[in-house]
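Okay, here's what each chain looks like letter by letter:
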Amino acid sequence: MSKVFECKRCGNCCRWPGYVRISAAEADAIADFLQIPVGDFIADCTRLTADRSGLSLLENPDGSCPYLIDSPAGPSCQLQEVKPQQCLDFPLKWNFPNWQQECAGGAEMLKNVEQ
């Protein structure tokens, strides 16, 4: 059986610490979506990456994304309509060590491959 990833919306990729890089266009879209001036969004909700190559969303103290909403219905993204490309690209264009064990969709994909 082939490796086919299907997101199960577990939200674990949103809990993994690290940069969520955003482009200038994404900063504009997110600020517009949140109905705040883009300058305020950049100042209050982003940081310059260590390599100074761009902006990243700020993280919660535990490394999770501040736009991750945990609810009884399950995790969801406050920015779903304007989600950064990096988030959309997980796990096919980027991932983290042992992501398959952390991600419900990755675990299911591995289970299907092993069968």
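Structure shown above.
What counts and how
- Residues numbered from 1 in each chain as written.
- Predicted model: local features only at pLDDT ≥ 70, side-chain atom pairs only at ≥ 80, totals over all residues.
- Heavy atoms only, no water.
- Axes fitted to C-alpha atoms, helices over the stretch in contact; angles between N-to-C directions.
- Helix = DSSP H or I, 4+ residues; strand = E, 2+ residues; numbered from the N terminus.
- Parallel < 35°, antiparallel > 145°, perpendicular 65-115°, else oblique.
- Contact = heavy atoms within 4.5 Å.
- Nonpolar A, V, L, I, M, F, W, Y, C, P; charged D, E, K, R; others polar.
- Salt bridge = Lys/Arg side-chain N within 4 Å of Asp/Glu carboxyl O.
- Buried < 20%, exposed > 50% of the residue type's maximum accessible area, 1.4 Å probe, protein only.
- Pairing = 2+ DSSP bridges.
- Core = buried A, V, L, I, M, F, W, Y, C linked by side-chain atoms within 4.5 Å.
- Arc of directions from axis to C-beta.

Caption draft 1: Here's a closer look at the packing of helix H2 (residues 24-34) against helix H3 (residues 38-45). Relative to each other, H2 and H3 sit at 100°, their axes nearing to 9 Å. The angle between H2 and H3 falls in the class roughly perpendicular. From H2, Ala27, Asp28, Ile30, Ala31 and Leu34 reach across to H3, where they touch Val38, Phe41 and Ile42. Partitioning the contact of H2 with H3 into residue classes produces 7 nonpolar, no polar and 1 charged.

Caption draft 2: View of the pattern of salt bridges. Applying the stated rule across the entire model yields 5 salt bridges. Arginine 15 serves as the salt-bridge partner of aspartate 70, at 2.5 Å between the closest nitrogen and oxygen. With aspartate 70 in the loop between strand E4 (68-69) and strand E5 (76-77) and arginine 15 in helix H1 (residues 12-15), the pair connects residues that are 55 residues apart, well separated along the chain. Look at arginine 15 and you get partly exposed, because its relative accessible area is 29%. Through salt bridges that share partners, Glu6, Lys8 and Glu108 make up one connected network.

Caption draft 3: Structural detail: the sheet that holds strand E2 (residues 46-48). Pairing in this open sheet of 3 strands is antiparallel, and the strands run E1-E3-E2 from one edge to the other. Both outer strands of the open sheet, strand E1 (21-22) and E2, are each paired with one neighbouring strand and no more. Each of E1, E2 and strand E3 (55-57) is contacted by H3, which is oriented at about 70° to E2, the strand it contacts most.

Caption draft 4: Inspection of the nonpolar core at higher detail. Ile22, Ile30, Phe41, Leu57, Tyr67 and Leu79 are the most contacted members of the largest nonpolar core, which totals 13 residues. Of all the secondary structure elements, the ones that give two or more residues to this core are H2 and H3. Sort the elements by how many residues they give to this core and H2 lands first, with 3 residues. Counting 5 residues, the second largest nonpolar core, distinct from the first, contains Phe90, Phe96, Trp99 and Cys103.

Caption draft 5: Layout of H2. For H2, every residue scored as buried is listed here: Glu26, Ala27, Ile30 and Ala31. Projected down its long axis, H2 carries its buried residues within an arc of 130°, all on one side. Projecting away from the buried face of H2 at angles above 90 degrees are the exposed residues Ala24, Ala25 and Asp32. The inward-facing, buried residues of H2 contact E1, H3, E3 and helix H4 (85-88). Once H2 finishes, glutamine 35 follows within two positions and takes phi at roughly 60°, a positive value.

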